[in-house]
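Residue-level listing of the chains:
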Amino acid sequence: MSHTAIVGGGIGGLMTALLLSKDKNRTVSIYEKNDYLGGRLTYERHGEFKIDQGPTIVLLPEMLLSILEEGGIDRTSIPLIPCDPLYHIHFSDGLSFRKYADPEKQKEELQKIFPGNEVHFDRFLKDMKARFLQGKAQFLEQSFVEKRTFFSRKNLKTLMKLKAYQNVKKMMRSYFDDERLVEAYTLQTLYIGGHPEQSPAMYSLVSYSEHEHGIWYLKGGYAHLVEIITKELEKRGVQMYTGKAVERIVTSGDQASSLIADGQMHSFDDVVLNGDFPIMDQLLKNEKRLNRKYTPSSGCLLLYMGLDKIYESDSIHQFFMSSDFDHHMKQVFTDKQLPDDPSFYTFHPSIVDDSLAPEGKGVLYTLIPVPTGEGVDWSGKDALIEKVLNEMEDRGFPNLRSHTEWMHVRTPKEAEKDGLYSGGSFGIAPTLFQSGVFRPQLQPYSLTNVYAVGASVHPGGGVPIVMQGAKLLADYLQFGAKERHNYKRGV
Ligand SMILES: Cc1cc2nc3c(=O)[nH]c(=O)nc-3n(C[C@H](O)[C@H](O)[C@H](O)COP(=O)(O)OP(=O)(O)OC[C@H]3O[C@@H](n4cnc5c(N)ncnc54)[C@H](O)[C@@H]3O)c2cc1C
């Protein structure tokens, strides 16, 4: 019987436990520092109200469901409902645009709002489909434990096809001839905390995937997924310790033998680090660390509200663009200043879900992209919140203040206190040199039994992608020596 210890009960740690605990010859324990499981995938609660604290947009449903199914959870027990339209985007000049999964509906909308671009949209879908299939097989479904496998002729050819040398914005400008539409197809880099002009073009597959695979809502909130998974883990006897921060991993030679939590030593055969990188480095002795400097992703200023009503709309997700999106991005990523005129996103799940608030009442979430790290002057926070509330009242939520029963605010400072690198919401940023082989891998150290999973580890952030990372890791841990050798060589 071998024993795997997992440091962190985020979706990465939980999914790894789900996949590994199917093996009768392995016991699995999770050590979580918070007094709850799920990490970023949790609720913000207030009395009888609850709303997702972090993730809200369910992408890549097939990836999510098939990995859960592989872990032994029946896909029919996951209450996913499609978003149709996918979302609304409101531009500052008053123009409003909807996105749809159905290409015909989308082309009608384009013809109406951005005439001529419906033809470009066909070309976008066709090109992206081919890129998606190749990118998924060669990057999302592979890890690069052995660095040279990344630089194989096949991968380099795919990188050229994905135009990895271009950025998302430049690529989208080659499809759409209106800057507002370019914004509508580049803002998705913010889902993973990247600047549209600094994220390599392969991340434009996210905006394609919205159309191809749809955007979904998980009834009960995305955080309900944690309840479904932990119920199954409990049934299987997986030990889940909460309120237990791991302070150190004890190593000897090229192996780790135990971890220290609450001053006590717990031994294991393998250990999986699910906390954010590079923070996890600090659990190891200096000479074993990666000791590399990383750029954090952007942060979020989050407003969670309980309302005495539900606003009517045909979409739970809405984006409100400012008059100068580029200026907002410059303030977040370059100048490290609080934005003076930000674009923002709102999530109002009560339109389709009455389980989140008392009868007739609703919950609302607003996300404003903001800079992270030391040196950001937060003295303008209250003025920024007031500015965004004014915009919300003018552009979609009339008299919002008078309908708000409570509001909680979360900034990157709280995220940093909770263990997110530099307060970034999405792990390390998705830049070219922090993607693919350049991101920490599932076996990041020269230690033979220390592994990693999570948003800052390849293949990257976002719930389904972190789950895909857990699948890569679980497969790798279950390989025999020969399979592992071949896998490392990319055979
Ligand atoms: C505001 C926000 C919005 C987002 N929106 C979306 C979205 O719409 N769609 C989407 O797919 N994704 C979204 N994401 C990203 C998504 O939430 C993450 O990619 C994913 O949840 C990361 O999971 P993880 O397991 O890597 O990390 P985490 O959730 O951070 O889990 C790591 C766990 O490790 C624990 N830990 C750390 N150190 C220790 C230690 N020393 N000892 C014990 N435990 C430790 C932490 O407490 C935590 O519970 C969003 C994230 C945020 C913050």
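Because the structure is a prediction, the values reported are computed rather than measured. (Residues numbered from 1 in each chain as written. Predicted model: local features only at pLDDT ≥ 70, side-chain atom pairs only at ≥ 80, totals over all residues. Heavy atoms only, no water.)

(A) Expanded view of the overall build of the protein. Along the protein, the regular secondary structure elements total 15 helices and 19 strands. Taken over C-alpha atoms, the radius of gyration comes to 22 Å for the protein, in line with the 23 Å a tight globule of 491 residues would show. Along the three orthogonal principal directions, the C-alpha set of the protein runs to about 65 × 55 × 45 Å. Burial status across the protein gives 59% buried among its 491 residues. (Helix = DSSP H or I, 4+ residues; strand = E, 2+ residues; numbered from the N terminus. Rg over C-alpha atoms; globule rule 2.2 N^0.38 Å. Buried < 20%, exposed > 50% of the residue type's maximum accessible area, 1.4 Å probe, protein only.)

(B) Region of the structure containing helix α2 (residues 61-70). Residues P61, M63, L64, L65, I67 and L68 constitute the buried set of α2. At the exit of α2 stands G72, carrying a positive phi of roughly 100°.

(C) Molecular detail of the site of the ligand. Taken together, 36 residues sit near the ligand, with E32, R40, V246, A455 and V463 positioned nearest. Contacts to the ligand include I11, whose backbone N or O atom sits 3.3 Å from an oxygen atom. Between the ligand and the protein, one listed contact pairs a nitrogen atom with a backbone N or O atom of K33 at 3.1 Å. Notes on the ligand: free accessible area 1000 Å², of which the protein chains cover 93%. Of all elements in the fold, only α1 (11-20), β14 (299-307) and α14 (463-478) reach the threshold of two or more residues within the shell around the ligand. (Near = heavy atom within 4 Å. Polar contact = N/O pair within 3.5 Å; in protein donor to acceptor, adjacent residues only side chain to side chain. Areas by Shrake-Rupley, 256 points an atom, 1.4 Å probe, with all protein chains shown as cover.)

(D) The pattern of salt bridges, seen in detail. Evaluation of the coordinates by the stated rule reveals 30 salt bridges. A salt bridge links K107 to E104; the shortest N-O distance between them is 3.7 Å. In this pair, K107 and E104 are both assigned in helix α3 (residues 103-113), 3 residues apart and thus about one turn of the helix distant. One network of salt bridges, in which partners are shared, links D341, K387, E391 and R395. (Salt bridge = Lys/Arg side-chain N within 4 Å of Asp/Glu carboxyl O.)

(E) Structural view of the packing of aromatic side chains. Overall, the coordinates contain 24 aromatic pairs when judged by the stated rule. Taking 5.7 Å as the distance between ring centres and 80° as the angle between the ring planes, the aromatic pair formed by F124 and Y175 counts as edge-to-face. Taken as a pair, F124 in helix α4 (residues 117-140) and Y175 in the loop between α6 (168-173) and α7 (179-184) lie far apart in primary sequence, 51 residues in all. Of the two residues, F124 and Y175, both sit in the buried class. (Phe/Tyr/Trp six-rings, centres within 6.5 Å; stacked < 30°, edge-to-face > 60°.)

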